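# Inside the fold
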Amino acid sequence: MTSYHPYTLFPLGDAALLISFGEEMDETIHQKLLLLYEQLKALKHAAITDLVPAYNSLAVHYDVVKLLQRNPHQTAFESMANAIQKLQPAEEILHRERPLIKVPVCYAPSFSPDMEGLMHFSGLSAEAIITLHSSVVYRVYLIGFLPGFAYMGTVDEKIAMPRHAQPRLHVPAGAVGIAGSQTGIYPMNSPGGWQLIGQTPLTLFDKDASAPVLFQPGDAVQFFSITEYEFANY
Amino acid sequence: MSLQIIKTGLLDTIQDGGRRGYAHLGIGEGGAMDRFSASLANALLGKDLGSPVMEFHFPAGQILFEKETIFCLTGADFTPALNGIALPLNHPVAVPAGTILTFYKMKWGARCYLSSLPLIHLIPWMNSYSTHLKAAAGGFGGRALQKGDRLFYAEEKALNVGSIQLLPWQANGIEQPVRQAVEYLVGSEWNWLKEASKQRFVESYFQVSAAADRMGYRLDGPSLETIESKRSLLSSGVSFGTVQLLPNGQLIVLMADHQTTGGYPRIAHVISAHLPLLAQKHAGEVWQFIASDQESAEQKWMAQQQYLHQLQTACTFKMQRFLDGHRS
């Protein structure tokens, strides 16, 4: 029997609240967080405007006027908190299969400006680093910073290099990077401080697509190595 | 064509009440910085409060109305004029084809709003007309308005405007506060602060630094410290109005184009009813933070929304009467 991990509720200003599952980054906690996220989505609550899952928290943005009109004798925060606390875990949502998204990455030197730095940091060869990076099935913990920027974990600690102290001014769309125990892909050209070790030919964000963002929170992702030739012809 | 931009402004964009439902994908709400003034411009024309408007910064662009138009300006006073004649804010006006709107001096405030009838034809992106500059999507081509841009009206509406004419109703605009105070609610990391820093937060004046834009305002003020130094926070949700503590002890207030998640401690949140006041501040302006509570904050917001809805209802009738009176 699953149960929601004990959580606390705290206002996030006057138009949102935060469901906090503690301070740790942990797959089991995140799984329960996602379960609550899916269940709140399924509720289609008229006053909920946004749900933002992260590592160990879930932000619920809501329409204060709608909540106060419905329940004028308590604060909107209390109304929303009560609605959330009434939810019971639903097994069928927990067992929904998430497909594995396979992401091709070219790790060649021309696409990996920080590979050498990572080799110094880890004491490993480029081949060993590539194997470690591409052998893990990552979980998308959250999408933030930019439209479609998926924060994925957990990177093998041997190659979990902290981000640059000074970010680069220009990181190209498709650049694959590492920042500590997280890995991610820049969905558009942007400044960025992550350690860049490859480039994917996939489009992570397409504003004209009906679903502009490739990833969803909770997705399972695995990288696989492709050659420069394959990259050019993808 | 119906409306032409004949001079490029510093940052003039199409905004509306915000983009909701996509924050989990990293696509934030955006929308008008001063939502009260944007809603007021719409209310005075009897339009839905969240309808798209033009948001002007100073120096603002110049507009040629190629077709007769009814419009209303709210928010900042950039001394607007029609064909050189001063135009009051918060007062709908009907103009004949060929009228030019110019902004001269920056008298008060930072963002001015224009709502119009007929409605401007725009294509929504992810359920909103707000411009998402980073994604280069939404609004008018996903970018700021520039000289030469032409906007079209979505409908044919004969207004029969012979000459520039103020309509017979107006409202009070956003208050220009005498007392420089902004109310806040404590954030989830408020207790990370040392007691002395909590005191400093409420007793000090904070100034908008030069690093202030639609994403956020960096503030200049006394350094604030946490009880445990170097304690870090995993990325977590934030809001428009969230006050974050940066590693250097300074603060940043997140504004309309804020990122959907952040990794800095959230020590406070500006109440929603005071965000419009904040949106009208320039670099160099100062204020004090004053504590509010959940109920007061919500009630203040509710009161603003009720006022705007009532005004909109009243103006819908007034506008209909005005338009009926102008049928040929």
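That block above? That's the structure.
To start, this report covers the structure provided alongside it. Chains are numbered independently. Their residues run from 1 in the order of the written sequence. Ligands are numbered from 1 and chains lettered from A, in the order in which they are written. Local features in a predicted model are, by the rule used here, given only for residues with pLDDT of at least 70; side-chain atom pairs are given and counted only at 80 or more, and totals for whole chains, interfaces and linings are based on all residues. As a rule here, side-chain values come from all non-hydrogen atoms in the structure, and water together with hydrogens is ignored.

For chain B, the helix and strand inventory stands at four helices and 21 strands. We take the radius of gyration over the C-alpha atoms and set the globule estimate at 2.2 Å times the residue count to the 0.38 power. For chain B, whose C-alpha radius of gyration is 21 Å, the value lies close to the compact-globule estimate of 20 Å for 328 residues. When the backbone C-alpha atoms are referred to their principal axes, chain B occupies close to 75 × 35 × 35 Å. Here chain B, with 328 residues, has 59% of them falling under the buried criterion. Throughout, a residue-residue contact means that at least one pair of heavy atoms, one from each residue, lies within 4.5 Å. Considering only residue pairs separated by 6 or more positions, chain B has 76% of its internal contacts joining residues 24 or more positions apart. For chain B, the exposed area adds up to about 13,100 Å²; of that, 52% sits on carbon and sulfur atoms. Put simply, DSSP H or I for four residues or longer makes a helix, DSSP E for two residues or longer makes a strand, and each gets a number counted from the N terminus. Each residue gets one of three labels from its accessible area relative to the maximum for its type: buried under 20%, exposed over 50%, partly exposed in between, using a 1.4 Å probe on protein chains only. All accessibility values rest on the Shrake-Rupley procedure with a 1.4 Å probe; residue burial counts only the protein chains present in the view.

Every contact between the two is made by 42 residues of chain B and, on the other side, 46 residues of chain A. Values labelled buried area give the accessible surface lost by two parts on being combined, using a 1.4 Å probe and summing over both. Both faces considered, chain B and chain A share a buried interface measuring about 3,400 Å² in area, 62% of it formed by carbon and sulfur atoms. Its largest share of buried area at the contact with chain A, chain B owes to His24, Leu234 and Glu298 of chain B, together 19% of the area lost on that side. Pairs of N or O atoms within 3.5 Å make up the polar contacts considered here, provided that, within protein, one atom can donate a hydrogen while the other can accept it, and that residues adjacent in sequence are counted only when both atoms are side-chain atoms. The tally of links from chain B across to chain A stands at twelve residue pairs in polar contact (both at pLDDT 80 or more).

On to helix H4 (residues 294–325) of chain B, then. With 32 residues, H4 of chain B ought to run about 46 Å at 1.5 Å a step, and its terminal C-alpha atoms sit 47 Å apart, in line with that. For H4 of chain B, the N-terminal capping position is held by Asp293 of chain B, with its side-chain oxygen 3.1 Å away from the main-chain nitrogen of Glu295 of chain B. Take the number of residues in a helix, subtract one, and multiply by 1.5 Å to get its expected span.

Turning our attention to the nonpolar core. Throughout this description, the term nonpolar core refers to a set of buried Ala, Val, Leu, Ile, Met, Phe, Trp, Tyr and Cys residues connected via side-chain atoms within 4.5 Å. Grouped together as the largest cluster of nonpolar side chains are 51 residues, with contacts concentrated most on Val103, Met152, Ile185, Phe215 and Phe223 of chain A. Looking at this core, the elements that each hand over two or more residues are strand E5 (100–105), helix H5 (115–122), helix H6 (126–134), strand E6 (138–143), strand E7 (150–153), strand E9 (175–179), strand E12 (195–199) and strand E13 (220–225) of chain A. Counting residues per element, this core draws most heavily on E6 of chain A, at five residues. Contact partners of Phe215 of chain A, with chain neighbours within four places excluded, come to Ile101, Val103, Val140, Ile143, Gly148, Ala150, Met152, Ile185, Leu204 and Val221 of chain A together with Leu25 of chain B.

Turning to the environment of Ala279 of chain B, a few remarks are in order. Residue and element names in this part refer to chain B. Mapping Ala279 onto the fold places it in helix H3 (residues 275–279). Taking C-alpha positions, Ala279 is 9.8 Å from Ala76, a pair spaced 203 residues apart along the chain. Apart from residues no more than four positions distant in its own chain, Ala279 is found in contact with Met33, Asp34, Ala110, Arg111, Tyr217 and Met255.

All names here are of chain A. Spatial ordering of the open sheet is given by E1-E2-E4-E3, a layout of four strands whose pairing is antiparallel. Edge positions in the open sheet fall to strand E1 (8–11) and strand E3 (48–53), since each of these has one partner strand only. Neighbouring strand axes in the sheet, compared pairwise and without regard to direction, differ in orientation by 20° on average. Here five bridges tie E3 to strand E4 (residues 57–62), and the two strands are oriented antiparallel to one another. Counterpart to Ile48 in the pairing with E4 is Tyr62. Strands pair, by our definition, only if DSSP identifies at least two bridges between them. Axes here refer to lines fitted to C-alpha atoms; in helices the fit is confined to the stretch in contact. Angles between the N-to-C directions go from 0 to 180 degrees.

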